[in-house]
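Summary of the model geometry
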Amino acid sequence: MGKIQLTKVRKAFGEVDVIPGIDLTIEDGEFVVFVGPSGCGKSTLLRLIAGLEDTTSGTIEIDGKDATNLPPAKRGLAMVFQSYALYPHMTVRKNIAFPLKMAGMDQAEQDRRVERAAKVLNLSNYLDRRPGQLSGGQRQRVAIGRAIVREPAAFLFDEPLSNLDAALRVGMRQEISELHQSLKTTMIYVTHDQVEAMTMADKIVVLNAGRIEQVGAPLELYNYPRNLFVAGFIGSPKMNFIEGAEAAKHDAHTIGVRPEHIAVGDGPWEGVVGLSEHLGSDSFLKVAVEGIGTLTVRAPGEVNAHHGDRIRLAPAGKIHRFNTNGMAL
Amino acid sequence: MARALSHRRMWITTAAAWAVALLIFFPVLWMILTSFKTEPSAVAMPPQFLSADWTLENYAEVWARSDYPRFFWNSVVIAVGSTLLGLVIAIPAAWAMAFVPGRKTKDLLMWMLSTKMMPAVAVMIPLYLIFQRLGLMDTRIGLVLVLMLMNLPIIVWMLYTYFKEIPGEILEAARMDGANLWNEIAHVLTPMALPGIASTMLLNIILAWNEAFWTIVLTTTRAAPLSAFIASFSAPQGLFYAKLSAASAMAILPILILGWFSQKQLVRGLTFGAVK
Amino acid sequence: MSTHSSRLAARMMVAPSVVLLLIWMIVPLAMTLYYSFRLYRLLSPDRTGWVGFNNYLWFFNSPDFWLALFNTLALVGGVLVITVVLGILIALLIDQPVKGQGFLRILVIAPFFVMPPVAASIWENLFMHPQNGLFSAIARGFGAQPILFLEQYPMLSVIGIVSWEWLPFATLILLTALQSLSSEQLEAAEMDGASAFARFRYIILPHMTRAITVVILIQTIFLLGIFGEIFTTTQGGPGSASTTLPYMIFKQAIAAKDIGRAAAGGIIAVILANIVAYFLMRGLGRNLEN
């Protein structure tokens, strides 16, 4: 139904190789998240799959058929854009029905599908409004509605939540996850937010400078990052990296310790608290440790350390080891 | 204290602004007033304002002595026709420039604009000869073509600036939704850009209505619009001020009224979409 | 950011406009170029032939030509300066909180709707006429001799008339730009101790750069070809005092019936327009970048 296979896909804008060559398989029904810093090529990769950009070389197969040179409309994919890209001059009903109208579907079937999608997305009361009269979350739902009525082989999401405020974002994240569970259709989701990636994905593809750094399930990436980039990108707050003598003790060029894997109390490391943020549930501390540098520590909420306090720290979890090339040992 | 001062300042600026506006408008006002005076009253010294002899006679006479409705209809056909034809040709071009820009797009736009810098007089004779050869002389279709070509660069440029305000993602969404190029332009782009298209249309109707070189050179009677009407009227009539004013008023009032009613769109159009 | 097919479609969509404009530009231009090297007088249609650069030399050797060139540039430059400066001042005035702003705008915009022959005839007859014009009445009211505008100051009079026609355009564009300036910026400048003049010089004027550019660009395009106003009022005179390049060409074609010379003049006018366009685009093109 919605298996997508990329083989040696390359994209160059003029002289610049934005994507030097990617091989990737997305299984039918999978929720795949492309994540990476801005400019890493994740949106370009999505647009290549959508057909909004030409591939410079390589092939894109959808359901086993070569789709590399098909126009977007013929690929059977639906896309939800960052700005939602709703048609401002059409009502919600017409927005959602637009792809059906373009497909030449008869009016009764159009109405039936629009009503059904509206019901799923709680939009039934808004069908005769224009996008301009809707809230951000409702617009997002309309964009999703427009995508699902076509019953596409796969959904493409391009940073769909970045225009919503923090509270709505959590809600929509869950809605999209639930939608995936009920539809069981392939979804490809682009974001720069690793929390979205961790919470939603079946499979995360970490991209950097147009290259795939690692592909895997969220916890796999968290527990076994293949290199420094993935280790630093996945997890929040960011993993602490320590070089020099301390790393040499572990027979590595660099070691990485996640903030949540450092215990406050007794231990080999001693330092002065610089910044302390008390969230209630957790306390984030920045501690200047002699001979190592500044470490970020995620301590339980009851730890009561403040600026200027001297505390001792101990690693209390996995220590990640990396060689001189930044690859995990 | 501060409030009283600013209140006074507002009245001063209001008075100043009204004085300036009336000064700019005064020639038109004076022409309209003169058109309602008898001929002796129109040239009386000192000029008569309220004490003038008012009459509608001038309009009646101009109406009787010339075929005003024909001139008027020619103006409408030429102005609206050239604008609509221009839009049909320019919308696809502006779509391409705004949404599929290349390295040469800006240059192309500037080149189009530069074709307007060619003085009409410079190509008067060739065009005259071409018109004779093609039998376009004194035809409305000929003038529609010429005025369309004259204003095409302006139409393309204005539409381009309006289209650029529309996010490309919406057109991409339409493409993903299965729209072909025609659907994309007809069902998504054009309705979204309607205010801009309306402004463009208005401005170009006015420019075409007021064009007074080709409309005079390339017509004699059948296709002559109001610009030719006024040109013919002022020459032999000599110094009949009141009638000249009445004829002038009849030539400009249709567009003046249209312009006033659609002022908001027009001001948007006047800025050629280049000033926000 | 596009695909091969959309780029191909784009070319096909631009093609009609480009092809039409190319024909519109090249065919008459080529014919004009051809005639400019020919002897072609309507009064002696039998004598024809190639004359090399004679038609051009006639222009360059004619003292009228240099005057016409000067007049053309004076007309463009004069109208630009007047409309931009007055336009800024009026825009600043109307932008103040004044009563009846909407109606004010209607009054100010009116001259733009007046077609050139009508505008010229209003000014010539109702205002500048030495016997019956309003100006002469005013002069007499003060016991002075009426000024013979079109006889004594023909070029200045034409510049005045054309400026009146284009003032609404400049004012409205500049006003639109002015209204888009956030008042917070001006308030911040005021808090920073900027005087009214400094606020104008460092905040308002830079904000209007783009608008001023558009005014200059569009007006130059239209002003280079100004013809009707001169035709209606001074007929290029007295003598050649108010003859511009377009009008001089017109005189060669219609009065002297010398098509060859008129064509040479046309080519010179096109070259002049291109020079002006070049400097305009170079000097102002940057301001139009978004």
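A count of helices and strands for chain C gives 14 helices and 2 strands. Projected onto its principal axes, the C-alpha positions of chain C cover 80 × 75 × 30 Å.

With 18 residues, helix α5 (residues 166-183) of chain A should cover 26 Å at 1.5 Å per step; its first-to-last C-alpha distance of 26 Å lies within 8% of that length. Note on α5 of chain A: the residue one or two positions beyond its end, lysine 184 of chain A, has a positive phi of about 55°.

Right, let's talk about helix α8 (residues 154-179) of chain C for a bit. All names here are of chain C. The terminal C-alpha atoms of α8 lie 37 Å apart, and with 26 residues this matches the ideal 38 Å at 1.5 Å per residue to within 8%. The largest bend in α8 is about 40°, located at tryptophan 166, with the proline proline 168 one to four residues further on. Extensive coverage of α8 is indicated by the burial of 19 of its 26 residues.

With that out of the way, let us pick up the sheet that holds strand β10 (residues 211-216) of chain A. Residues and elements named next belong to chain A. Within the open sheet, the 6 strands sit side by side as β6-β7-β8-β3-β9-β10. Their pairing is mixed. In this open sheet, the two strands that pair with only one neighbour each are β6 (77-80) and β10. Put simply, the sheet's adjacent strands are angled 20° from each other on average, direction ignored.

Assignment of secondary structure puts methionine 31 of chain B in helix α1 (residues 2-35). Spatially, the C-alpha atom of methionine 31 of chain B lies 28 Å from that of serine 199 of chain B, the residues being 168 residues apart in sequence. Other than its neighbours up to four places away in sequence, methionine 31 of chain B contacts Ser245, Ser248 and Ala249 of chain B together with Ile122 and Leu126 of chain C.

Bringing the interface of chain B and chain C into the picture now. Each side of the interface is counted separately: chain B has 75 residues, and chain C has 79 residues. If one sorts the elements of the side of chain B that touches chain C by residue count, α1 of chain B sits on top with 16 residues. In the side of chain B that touches chain C, the residues fall into 61 nonpolar, 12 polar and 2 charged.

Right, let's get into the packing of helix α2 (residues 92-102) of chain A against helix α3 (residues 107-120) of chain A. Residue and element names in this part refer to chain A. The geometry of α2 relative to α3 is characterised by a closest axis approach of 10 Å and an angle of 130° between their N-to-C directions. As far as their axial angle goes, α3 and α2 are oblique. Regarding α2 and α3, the two cross each other, and that crossing is right-handed. When α2 is examined against α3, the residues Arg93, Ile96, Ala97, Leu100 and Lys101 are found in contact with a partner set consisting of Gln110, Arg113, Val114 and Ala117. Across the contact of α2 with α3, the residue classes break down as 5 nonpolar, 1 polar and 3 charged.

About the criteria used
Residues numbered from 1 in each chain as written. Chains lettered and ligands numbered in written order. Predicted model: local features only at pLDDT ≥ 70, side-chain atom pairs only at ≥ 80, totals over all residues. Helix = DSSP H or I, 4+ residues; strand = E, 2+ residues; numbered from the N terminus. Expected span 1.5 Å × (residues − 1). Bend = angle between axes of the 7 residues up to and from the residue. Buried ≥ 20, exposed ≤ 12 C-beta atoms within 10 Å, placed from the backbone. Pairing = 2+ DSSP bridges. Axes fitted to C-alpha atoms, helices over the stretch in contact; angles between N-to-C directions. Contact = placed C-beta atoms within 7 Å. Nonpolar A, V, L, I, M, F, W, Y, C, P; charged D, E, K, R; others polar. Parallel < 35°, antiparallel > 145°, perpendicular 65-115°, else oblique. Left-handed = near helix turned anticlockwise from the far one by under 90°.

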